[in-house]
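# Residue-level structure breakdown
Residues per chain are reported as follows:
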Amino acid sequence: MTVAMYPGRFDPVTNGHMDIVTRAAEIFDRVIVAVADSRSALFSTDERQQLFADAVEHAGLHNVRVISFAGLTVDVARENGVHALVRGLRAITDFSAEFDMALMNRKMAPDVESVYLMTALEHLFISGSRIRELAGLGHPIDDLVPPGVAEALAEKFKNR
Ligand code: COA
């Protein structure tokens, strides 16, 4: 059985992330979405985990589960018997950061492979910061995020 882990901050989960996890779920037997602890995120770790779990349930991805973690990604991967770390690549700017991260992860855990999926063309311009900016300025973002995320963003920005 092949197990993949998709780590990230997911602040919040977007249709771009859902594209990657959906495709990973077709390639691997099991996929673990691992939501990284982050002090600078707009949403708390629990909120980000819940939003991603709701999106996975809504998409009917039965071989995907969502966890949260603090510490090193490769440690969590090993604890969960993970064979591959999956990440999405949008453009050359993603590549330099991902290349560095993949090499460091390989240095720490040569037994865990990094696998990259090219983002679908329609999600190329989506990023967490752009989504947060638009939502904060009151522009509709419903077609860029899974159901429930736009409402969660509106709630976050209501009292700011
Ligand atoms: N489509 C659209 N947008 C995408 C995307 C896709 N397929 N993939 C990523 N993005 C966007 C995100 O929305 C986010 O945008 P933002 O920066 O504007 O908010 C950005 O790309 C990256 O976010 P995300 O995918 O959530 O990952 P990340 O880069 O925040 O995650 C970790 C990095 C958590 C995987 C990494 O820091 C880590 O492993 N941390 C744990 C500690 C550790 O092990 N450190 C050593 C690493 S070598």
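Here, the structure is the one placed above.
One structure accompanies this document, and this report is about it. (Residues numbered from 1 in each chain as written. Predicted model: local features only at pLDDT ≥ 70, side-chain atom pairs only at ≥ 80, totals over all residues. Heavy atoms only, no water.)

## Concerning the pairing of strand 4 (residues 84-89)
Along a regular strand, successive side chains alternate from one face of the sheet to the other. Of all six residues making up strand 4, five are buried, and the element is well covered by its neighbours. With two bridges joining them, strand 1 (residues 3-8) and strand 4 adopt parallel strand pairing. Each residue of the ladder has a partner; that of A4, found in strand 4, is A84. The sheet contact formed by strand 4 and strand 5 (residues 113-118) spans six bridges and is parallel. (Buried < 20%, exposed > 50% of the residue type's maximum accessible area, 1.4 Å probe, protein only. Helix = DSSP H or I, 4+ residues; strand = E, 2+ residues; numbered from the N terminus. Pairing = 2+ DSSP bridges.)

## Overview of the packing of aromatic side chains
Across all of its chains, the model carries three aromatic pairs by this definition. Ring centres 5.0 Å apart and planes at 70 degrees place the aromatic pair Y6 and F10 in the edge-to-face group. Taking the centre distance of 5.3 Å and the plane angle of 15 degrees together, the rings of F95 and F99 count as stacked. Of the two residues, F95 and F99 both sit in helix 4 (residues 92-108), four residues apart, roughly one turn of that helix. Residue F95 is classed as partly exposed on the basis of its relative accessible area of 41%. Following the ring pairs from residue to residue traces out a cluster consisting of Y6, F10 and F52. (Phe/Tyr/Trp six-rings, centres within 6.5 Å; stacked < 30°, edge-to-face > 60°.)

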